[in-house]
Amino acid sequence: QVQVVESGGGLVQPGGSLRLSCAASGFTFSRYAANWYRQAPGKERELVASLTGVRGSTNYADSVKGRFTISRDNAKNTVFLKMNSLKAEDTAVYYCNAQGWRVDGTQFDDIWGQGTQVTVSS
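Remember, predicted model here, so these are calculated numbers, not experimental data. Every residue gets a number counted from 1 within its own chain, in the order that chain's sequence is written. Under the rules for a predicted model, residues below a pLDDT of 70 receive no local features and side-chain atom pairs below 80 are neither given nor counted, while totals for whole chains, interfaces and linings still include all residues. Computation of side-chain values covers all heavy atoms of the structure but excludes hydrogens and water.

*Asks:* Which residues make up the sheet that holds strand S8 (residues 78–83), and what values go with them?
*Replies:* In this scheme, strands are said to pair when DSSP sees at least two bridges between them. Under the DSSP-based scheme used, a helix requires at least four consecutive residues in state H or I and a strand at least two consecutive residues in state E, with every element numbered from the N terminus. The four strands are arranged S1-S3-S8-S7 in an open sheet whose pairing can be described as antiparallel. At either margin of the open sheet sits one strand with a lone partner, and together these are strand S1 (3–7) and strand S7 (68–73). Along the sheet, successive strands turn relative to each other by an average axial angle of 20 degrees, direction set aside. Relative to S8, S7 is paired through six bridges, and the arrangement is antiparallel. Paired with Arg-72 across the two strands is Val-79, which belongs to S8. Here an axis means a line fitted to C-alpha atoms, over the contact stretch when the element is a helix, while the angle between two N-to-C directions is reported on a 0 to 180 degree scale.

Encoded structure:
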């Protein structure tokens, strides 16, 4: 069974940092694209950061560029989102998403985690 599990959320003061983790099981993360989304109360889910599977290219939403970094540890089969200089408007539930074709090419996976709450408040 393919799945991803997020962890690392919590309460942090403005200007602080957090690192979210997304652990994969049932598939090899380096073969898949990894995305971090977030959804704040009353708002639509938005794409925050992306990491392609093979080349490892990254993309960020303008609102987090220069503050957030997405990365992957192949040995741990885990993707991270390091968040620095956090602001109140970063408060949201953060979701990990993995997308890619299975090795045998028979199925395209679109895998979502359960989400982890990040609250930025003094």
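*Asks:* Quick rundown of the packing of aromatic side chains? Include the residues and the values.
*Replies:* We call Phe, Tyr and Trp rings a pair once their centres come within 6.5 Å, taking the six-membered ring for Trp, and we label the pair stacked below 30 degrees between planes, edge-to-face above 60, and tilted otherwise. Within this structure, the stated rule accounts for four aromatic pairs. Taken together, a centroid distance of 5.3 Å and an interplanar angle of 65 degrees make the contact between Phe-27 and Phe-29 edge-to-face. Across this residue pair, the class does not change: Phe-27 and Phe-29 are buried. Each ring, one from Tyr-37 and one from Trp-112, has its centre 4.9 Å from the other, and the planes form 50 degrees; the classification is tilted. You can see Tyr-37 sitting in strand S4 (residues 33–39) and its partner Trp-112 sitting in strand S10 (residues 108–112), a full 75 residues away along the chain. With a 1.4 Å probe rolled over the protein chains alone, any residue whose accessible area is under 20% of its type maximum counts as buried; one over 50% counts as exposed, and the rest are partly exposed. On the basis of relative accessible area, Tyr-37 is assigned to the buried category, the value being 18%. Two conditions define a charge sitting above a ring: the NZ of Lys or the CZ of Arg must be within 6 Å of the ring centre, and it must be within 35 degrees of the ring normal. The lysine or arginine in question, Arg-45, covers the ring of Tyr-95, its NZ or CZ lying 3.9 Å from the ring centre. One Lys or Arg, Arg-45, reaches over the ring of Trp-112 and ends 4.9 Å from the middle of that ring.

*Asks:* Give me the pairing of S10: which residues, what numbers.
*Replies:* Burial along S10 is one-sided: the face carrying Asp-109 and Ile-111 is buried and the face carrying Phe-108, Asp-110 and Trp-112 is not. Pairing of strand S9 (residues 92–101) with S10 involves five bridges; the strand directions are antiparallel. When the sheet's bridge partners are listed, Gln-99 is paired in S10 with Asp-110. The hairpin formed by S9 and S10 contains six residues between the paired strands, and Gly-105 there has a positive phi angle of roughly 70 degrees.

*Asks:* Tell me what's going on with the nonpolar core, and back it up with residues and numbers.
*Replies:* By convention a nonpolar core is built from buried Ala, Val, Leu, Ile, Met, Phe, Trp, Tyr and Cys residues, the set being connected through side-chain atoms within 4.5 Å. In terms of nonpolar packing, the biggest core is built from 30 residues, with Val-4, Phe-29, Trp-36, Leu-81, Met-83 and Tyr-94 touching the most fellow members. Elements represented by at least two residues in this core include exactly strand S3 (18–25), S4, strand S5 (46–51), S7, S8, S9 and strand S11 (116–120). When residues no more than four places from it in sequence are discounted, the contact partners of Leu-81 are Leu-18, Arg-19, Leu-20, Trp-36, Ala-49, Phe-68, Thr-69, Ile-70 and Tyr-94. It only takes one pair of heavy atoms within 4.5 Å for two residues to be counted as in contact.

*Asks:* With reference to specific residues and values, describe the pattern of salt bridges.
*Replies:* For salt bridges, the criterion is a side-chain nitrogen of Lys or Arg within 4 Å of an Asp or Glu carboxyl oxygen. A full pass over the atoms with the stated rule returns five salt bridges. Asp-90 is the partner of Arg-38 in a salt bridge, and the nearest nitrogen-oxygen pair spans 2.9 Å. With Arg-38 in strand S4 and Asp-90 in the loop between S8 and S9, the pair connects residues that are 52 residues apart, well separated along the chain. With respect to class, Arg-38 is no different from Asp-90; both count as buried. Close ionic contact of Asp-109 with Arg-102 constitutes a salt bridge, the shortest N to O distance being 3.0 Å.

*Asks:* Pulling in residues and values, what's your account of the state of the cysteines?
*Replies:* Note that a disulfide, as used here, is simply two cysteine sulfur atoms within 2.5 Å. Applying the stated rule across the entire model yields one disulfide. The disulfide that involves Cys-22 links it to Cys-96, with 2.0 Å between the sulfurs. Linking Cys-22 and Cys-96, the disulfide has an S-S dihedral of approximately -75 degrees and is accordingly described as left-handed. One end of the pair, Cys-22, is in strand S3; the other, Cys-96, is in strand S9, and 74 residues separate them in sequence. Assessed through its relative accessible area of 0%, Cys-96 is described here as buried.

All quantities given are derived from atomic positions and should not be read as evidence of function.
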